[in-house]
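Structural overview
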Amino acid sequence: DMTAPFLAVVASYVGSSIYNYVSERRQRLMIKNMFTQYVNPSVVDELLEDPDKLRLGGERKELTVFFSDIEQFTSISEKMPPEDLVSVLNEYLNVMTSLIFANNGTLDKYEGDAIMAFWGAPLPQADHAFLACRTAVRMQESIDGFTRLWTGEGKPVLRTRIGINTA
């Protein structure tokens, strides 16, 4: 009677395959959720489809790096209640980050009111310098919109300094 051992092997194989599929899917979803905070979701999808495009250990390549900060943020923050300051900063950072992602940039980090992002990695972009410059222009346009809206609400006028470097 080979039926019982054969069925046990088949059931083990099917169970193992299902477990591996579910585990891999859960891991891919976790990776995607972590990376979409820093990288445009379309880039994350592309990297998940072809992980060989992402090399650990680094490599030399030309990138465009973007820095921005709010002019005189310390003096602005000293004049505002903490709850209002957090609200203004969250709104500002959310809009600026969405502009970075809309222009295929990668968010590197926030340092207080400062934002650092880059273009040209993890996937190559032929027009990375243009995309960074377009992001800067769109950010300035958004800040003008904030100023018009916030002036009527008694919120501070923000002036943002931006630096871009390609190397």
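That block above? That's the structure.
Report on the accompanying structure. As the structure is a prediction and not an experimental result, all values here were calculated from the model. (Residues numbered from 1 in each chain as written. Predicted model: local features only at pLDDT ≥ 70, side-chain atom pairs only at ≥ 80, totals over all residues. Heavy atoms only, no water.)

**Let's talk about helix 2 (residues 41-49)**
Along helix 2, the residues that are buried comprise Val43, Val44, Leu47 and Leu48. Buried residues of helix 2, viewed axially, fall in a sector of 135°; they line one side. (Buried < 20%, exposed > 50% of the residue type's maximum accessible area, 1.4 Å probe, protein only. Helix = DSSP H or I, 4+ residues; strand = E, 2+ residues; numbered from the N terminus. Arc of directions from axis to C-beta.)

**So, the pairing of strand 1 (residues 64-70)**
Of the two faces of strand 1, the one holding Thr64, Phe66, Ser68 and Ile70 is buried and the one holding Val65, Phe67 and Asp69 is not buried anywhere. In terms of strand pairing, strand 1 meets strand 3 (residues 114-119) through five bridges, oriented antiparallel. Within the sheet, the bridge partner assigned to Val65 lies in strand 3 and is Phe118. Here seven bridges tie strand 1 to strand 4 (residues 160-166), and the two strands are oriented antiparallel to one another. (Pairing = 2+ DSSP bridges.)

**Some thoughts on a nonpolar patch on the surface**
Together, Phe6, Leu7, Val10, Tyr13, Val14, Ile18, Tyr21 and Val22 make up a nonpolar patch on the protein surface, roughly 840 Å² of accessible area in all. One can find Tyr13 in helix 1 (residues 3-35). On the basis of relative accessible area, Tyr13 is assigned to the exposed category, the value being 61%. (Patch = residues over 30% accessible without salt bridge, like charges linked within 9 Å, V, L, I, M, F, W, Y side chains within 5 Å. Areas by Shrake-Rupley, 256 points an atom, 1.4 Å probe, with all protein chains shown as cover. Salt bridge = Lys/Arg side-chain N within 4 Å of Asp/Glu carboxyl O.)

**Some thoughts on the pattern of salt bridges**
One side chain can pair with another of opposite charge once the charged atoms of both are near each other. By the definition in use, this model includes four salt bridges. One salt bridge in this structure joins Asp69 and Arg161, with 2.8 Å as the shortest N-O distance. With a gap of 92 residues between them, Asp69 in strand 1 and Arg161 in strand 4 connect regions that are remote in the sequence. Where Glu153 meets Lys155, a salt bridge forms, and the shortest distance between an N and an O atom there is 3.2 Å. When salt bridges that share partners are traced, they join Glu91, Glu153 and Lys155 into one network.

**A look at helix 4 (residues 82-102)**
Taking 1.5 Å as the rise per residue, helix 4 with 21 residues should run 30 Å; its terminal C-alpha atoms sit 30 Å apart, in good agreement. Of the residues making up helix 4, those classed as buried are Leu85, Val88, Leu89, Tyr92, Leu93, Met96, Thr97, Leu99, Ile100 and Phe101. On its buried face, helix 4 is in contact with strand 1, helix 3 (73-78), strand 2 (106-111), strand 3, helix 5 (128-153) and strand 4. (Expected span 1.5 Å × (residues − 1). Contact = heavy atoms within 4.5 Å.)

**Observations concerning unusual backbone geometry**
Notably, Gln72 is not glycine yet its phi reads approximately 55°, a positive angle. Along the polypeptide, Gln72 turns up in the loop between strand 1 and helix 3. Accessibility expressed as a relative area gives 55% for Gln72, which makes it exposed.

**Focus: the nonpolar core**
One finds Ile70, Tyr92, Met96, Ile100, Ile115, Trp119 and Leu158 to be the most contacted residues of the largest nonpolar core, which totals 26 residues. Contributing elements (two or more residues each) for this core: strand 1, helix 3, helix 4, strand 3 and helix 5. Residue contributions to this core peak at nine residues, all from helix 4. Discounting chain neighbours no more than four positions away, the residues touching Met96 are Ile115, Met139, Ser142, Ile143 and Phe146. Listed in part, the six residues of the second largest apolar core include Val43, Leu47, Leu48 and Leu123. (Core = buried A, V, L, I, M, F, W, Y, C linked by side-chain atoms within 4.5 Å.)

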